[in-house]
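Now for the letters of each chain:
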Amino acid sequence: MPKSAFSTSNLVLLAFTYLFYFGQFGVLIPYLGVFLDGRGFSSTEIGELFALITLARIAGPNLLAAIADRTGKHLKCLQLGAFLTFSTFCLAFFVNGFWPLTISFAIMMMFWTAILPQIEVLTLNCVHAHAGRYSKIRLWGSIGYIVFTVLTGLMIDLFSSETPIFIGAFVLLSLFVATLFLTEPGHDPSINQVTESIWKKIHHPVFYGFLLSAILLQVSFGPYYGFFALYTRDLGYSGQTTGWLIALGVAAEVLIFLQAGKLIEKVGVKWILFLSMILTAIRWYLLAVLAQHWVVLIASQVLHAFSFGMAHSASMHFIHHYFGKKYQGQGQAIYASVAFGIGGAAGNYGAGWYWDQGQGAEFAFTLAAIFAFCSALTLLMIPAKRM
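Since the structure is predicted, the reported quantities are computational estimates derived from the model, not experimental observations.

1. A closer look at the environment of Phe105
Right, on to step 1. Take Phe105: it is sitting in helix H5 (residues 98-126).
Right, on to step 2. Separated by 277 residues in sequence, Phe105 and Ile382 place their C-alpha atoms 37 Å apart.
Right, on to step 3. Apart from the residues lying within four places of it in its own chain, the contact partners of Phe105 are Leu28, Leu32, Phe35, Ile53, Phe89 and Ala92.

Below you can see the structure in the form of structure tokens.
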């Protein structure tokens, strides 16, 4: 097969991989709270379960990334992780109760989050770290999120709160099958010539500042990831409407992905991240005080383009260039495990603690806005040229 054809086919398969990986986000993140509520969990228990399974994101990515970077077998690690994610997710069909479900979802989360850095590394290597090309492939993840969020919301209305685990199992099986057809990019021998230790990269004020900002941003997402579907239900919206609202946010994210490369090159990583976090703070405050107005609710969802789309693209751009090719897998893993693991766990636990069956929704989203604003302020301490 000609090299160009091989490259094109690999990029198409990577697009499908993103579609199913983030399609699972569209199933699990908005509707896991609905699924757990249907099984009799209180809001405090839902928050605790979210926090505990999010903590599982710390170990998996770092372990798999260390193996992948040492062996150069990023694709094999991706395939193994995808299979284990599907297998452990299926435990939800057979167990019930707080601890059995928490443990099964935690193991699944450990493998699930471990494979994302490998997908990112494979994609960035295939597009040679070109921000514009990366964004156009990554947007298929957003498309997957839209499709499966809307589908799951509709199916919940038609069937029951158990629907998410049936759809989730199908999506994860599809993800595993898609990885089987990918091909490992050629190994770059220049990578072995890099002698600088990864610890010198990690133990640096620039990276600490970036990581603290990322943690604070993920803390702010706690109420949204854990309780948005329950929040809209309490406000009188149907499951299908909630699905469309979430899909709207991701559709806005898709549009921003198409322009992300140009914007990052023109404005710079630091100021793209700063703007994204300020807009995220505004978004959470709108949800706190004006979510009963559908126009405001729609506007807050459009801001997801910056809360996730621009913030993610800029973060991937920073990490890839900051760590270089030799340590990019471990760099991605550190970002994923610490920011999403520690930050996400803290945000989920706090949201569950303050939610109080919906009575504390306004306070929870107001607190989220404060964390997003602090995330933006943290970036001001980092010189723009170092990012």
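Structure shown, so let's carry the discussion forward.
2. Considerations on the state of the cysteines
Right, on to step 1. Within the structure shown, the criterion is met by zero disulfides.
Right, on to step 2. Note on Cys77: no disulfide assigned, nearest cysteine sulfur contributed by Cys126 at a separation of 16 Å.

3. Some points on the environment of Pro61
Right, on to step 1. Of note, Pro61 is situated in helix H3 (residues 59-71).
Right, on to step 2. Distance from Pro61 to Tyr335, taken between C-alpha atoms, is 9.2 Å for residues 274 residues apart in sequence.
Right, on to step 3. Look past the residues within four positions of Pro61 in its chain and what remains in contact with it is Met110, Thr113, Ala114, Pro117, Ala333 and Ser337.

4. Examining the packing of aromatic side chains
Right, on to step 1. Applying the stated rule across the entire model yields 36 aromatic pairs.
Right, on to step 2. Ring centres of Tyr354 and Phe363 lie 5.1 Å apart, and the angle between their planes is 65°; this geometry places the pair in the edge-to-face category.
Right, on to step 3. On the basis of relative accessible area, Tyr354 is assigned to the partly exposed category, the value being 37%.
Right, on to step 4. Given a relative accessible area of 45%, Phe363 falls into the partly exposed group.
Right, on to step 5. The rings of Phe221, Tyr224, Tyr225, Phe227, Phe228, Tyr231, Trp284, Trp355 and Phe365 are connected pair by pair, giving a single aromatic cluster.
Right, on to step 6. Lying over the aromatic face of Phe22, Arg138 brings its terminal NZ or CZ to 3.8 Å of the ring centre.

Reading guide: rules and limits
- Residues numbered from 1 in each chain as written.
- Predicted model: local features only at pLDDT ≥ 70, side-chain atom pairs only at ≥ 80, totals over all residues.
- Heavy atoms only, no water.
- Helix = DSSP H or I, 4+ residues; strand = E, 2+ residues; numbered from the N terminus.
- Contact = heavy atoms within 4.5 Å.
- Disulfide = S-S within 2.5 Å.
- Phe/Tyr/Trp six-rings, centres within 6.5 Å; stacked < 30°, edge-to-face > 60°.
- Buried < 20%, exposed > 50% of the residue type's maximum accessible area, 1.4 Å probe, protein only.
- Lys NZ or Arg CZ within 6 Å of the ring centre and 35° of its normal.

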